[in-house]
Amino acid sequence: MKIILSLVIASLIGSNVFLKSSDELEKSIARGKMVYSENCISCHMGTGEGVTGTFPPLAQSDYLIEQQEESIRAIKYGLIGKITVNGVPYDNMMPSPGLDDEEIADVMNYILNTWDYKSDQPMITAQQVKLVKEE
Amino acid sequence: MKMNSNTNVWRRSLGQGLAAITVSLGLASFQNIDTAAASEKSIEERYQVDTVATGLTMPWASALLPNGDLLVTERVGKLRLVKNGVLDPQEITGLPEILYKGQGGLLDINLHPDYAKNGWIYLSYSSPKKAGEPGDDAGANTALLRAKLKGHALVEVQHLFKALPNVKSNPHYGGRIVFDGKGYVFLSLGERGQKEKAQDLSKDQGKIVRLHDNGKIPTDNPFVKTKNADPAIWTYGHRNPQGLIYNKKTGVLWEHEHGPQGGDELNIIEKGNNYGWPVITYGIDYDNSIISEDTVKAGMEQPITFWRPSIAPCGMTLVDNSKFEDWNGDLLVGSLKFWYLQHLTLEGNKVTKREVIFEKLGRVRDVRQGHDGNIYVVLENSGKVVRISPKN
């Protein structure tokens, strides 16, 4: 009986947590869309395709998935120098857009859940962003 | 090609006597050879690029002082001095509170045309909202001050103008400062991401303002008698103008502005004009949505030229120096996006050719001709100022 009860409680908590985080993610994505259109769109373009050879793509970007901490660091502190995205070299500069930790989490969540991204990435939180330090 | 032009000269000269024929033929062929030779030589063979300042953090603009020192603004909110090619580690004090966020920070610098006599230095920057100012809490907008440099300090600081209202957003501060040599100063202002405000004369967003060099508003400004309009406004309907240069010989004020996708513009700025943003534009929004179906409308100005794709123009100078024989009288425009300069050949007020020069130079923030006649270019990515001069 006890076991069943705790299973029920656990599943209730679990689904609550799931519902809550899904709702949180939706809100974060919506805020992230605004952040994107104000700070990122003029270089990375409306559907994240970038400008090949000049500004790297954010949609379907191997860099964004495989080097997520680097990606967050780039948004937080700016990025300068050579990187390779989807096999194409980029040697440009992104000035720090001056976003706070929540805005950075929001824009990451927007990017990772838009443009047919099949990344299934867990939600990024402001707390995670806070832990990323400048190198 | 050569045959044809010689034939034309021959025909034109036929009625003018033998001597005239000889002279014009000689001149024509001489000029032909000169042009061909010049264009066969690469830019690198004709001009040299020297680094005159290095180690800067996010430099935005530079001003060459009469003694050869260079003052450079860093967008992070610092004003730096460069002496003999060495960055002075001691920063200039006396700047006001500056918001370094998004596209904001310490922006342009320019010297008064009579700087040698009066010492006035003009600076533009993102000024955070002060108590009593209208607009968003934690917002900011572009401001203009002038001050004098004494050692490593700005003194006699005078706050001349602040664009209002304050806006809490990251983009589009404009910020370019230019003088016409007749006692007026012009400042360009971006629309701070609120495009419709560019058409609202009660707001300073998306405008170019004109002031006396002491900050007073000229009584002959176009909207001084317009109800609710800011009397400082000279022109309106701009998006994010970051190129401004006055041609003292012709009296033409050239401006360029970052447009939407495919809609960067070069304009001639004239009193009271509406440059159309966002009612007319050649670009579309970055999310690929249509901003306006119209590119032309009565009462709104057409650009002299526009860039598609956008180059993100930043900085512009008018070459006024016979040392640069093939650029003299033309415009040089920087590109933030593609890391090069464009040479815009002018015939009167028309652009007849656009040529990419100095590819991979860097993320260009500022282009200007110094009092020594050379071209100074500020590169944001490498934290440098470079000088372009002709090779002997």
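Once a new chain begins, its residue numbering starts again from 1 and follows that chain's sequence as written. Starting at A for chains and at 1 for ligands, labels are handed out in the order in which the entities are written. Under the rules for a predicted model, residues below a pLDDT of 70 receive no local features and side-chain atom pairs below 80 are neither given nor counted, while totals for whole chains, interfaces and linings still include all residues. The side-chain numbers reported here are obtained from all heavy atoms of the structure, hydrogens and water having been left aside.

(A) Inspection of the packing of helix α4 (residues 68-77) of chain A against helix α5 (residues 101-112) of chain A at higher detail. All names here are of chain A. Viewed as axis vectors pointing N to C, α4 and α5 meet at an angle of 130°, and their least axial separation amounts to 10 Å. One element, α4, and the other, α5, form an angle in the oblique class. By crossing handedness, the relation of α4 to α5 is classed as right-handed. Contacts from Gln 68, Ser 71, Ile 72, Ile 75 and Lys 76 in α4 reach Asp 101, Ile 104, Val 107, Met 108 and Leu 112 in α5. Per-class residue counts for the contact of α4 with α5 are six nonpolar, two polar and two charged. Only the contacting stretch of a helix is used when fitting its axis, a line to C-alpha atoms as for every element, and angles between N-to-C directions run 0 to 180 degrees. The way it works is that DSSP assigns letters per residue, a run of H or I at least four long becomes a helix, a run of E at least two long becomes a strand, and they are numbered from the N terminus. Throughout, the term roughly parallel applies to angles under 35 degrees, roughly antiparallel to angles over 145, roughly perpendicular to angles from 65 to 115, and oblique to all others. Each crossing is labelled by how the near helix is turned from the far one, with a counterclockwise turn of less than a right angle marking it left-handed and a clockwise turn marking it right-handed. Two residues qualify as a contact provided that any one of their heavy atoms is within 4.5 Å of a heavy atom in the partner residue. Residue polarity is assigned by list, with Asp, Glu, Lys and Arg as charged and Ala, Val, Leu, Ile, Met, Phe, Trp, Tyr, Cys and Pro as nonpolar; anything else, Gly included, falls into the polar class.

(B) The environment of B:Asn288, seen in detail. Residue and element names in this part refer to chain B. Tracing the backbone shows Asn 288 in the loop between β16 (264-269) and β17 (305-307). The buried label goes to any residue with under 20% of its type's maximum accessible area, the exposed label to any with over 50%, and the partly exposed label to all in between, with areas taken from a 1.4 Å probe on protein chains only. Its relative accessible area of 36% is what places Asn 288 among the partly exposed residues. Spatially, the C-alpha atom of Asn 288 lies 26 Å from that of Glu 255, the residues being 33 residues apart in sequence. Engagement of the side chain of Asn 288 in a polar contact is seen with the side chain of Gln 261, the distance being 3.3 Å. Two N or O atoms form a polar contact when they lie within 3.5 Å of each other; inside protein one atom must be a possible hydrogen donor and the other a possible acceptor, and for residues adjacent in sequence the pair counts only when both atoms belong to side chains.

(C) Summary view of the packing of aromatic side chains. Residue and element names in this part refer to chain B. Between rings of Phe, Tyr and Trp, where Trp is taken as its six-membered ring, a pair exists when centres lie within 6.5 Å; planes separated by under 30 degrees are stacked, by over 60 edge-to-face, and by other angles tilted. By the definition in use, this model includes 12 aromatic pairs over all chains. Connected via pairs of aromatic rings, a cluster forms that spans Tyr 47, Phe 324, Trp 327 and Phe 358. Between Arg 146 and the ring centre of Trp 120, over which it is positioned, the NZ or CZ distance is 3.9 Å. One Lys or Arg, Arg 210, reaches over the ring of Tyr 184 and ends 3.7 Å from the middle of that ring. By the criterion adopted, a ring carries a charge over it if an Arg CZ or a Lys NZ lies within 6 Å of its centre and within 35 degrees of its normal.

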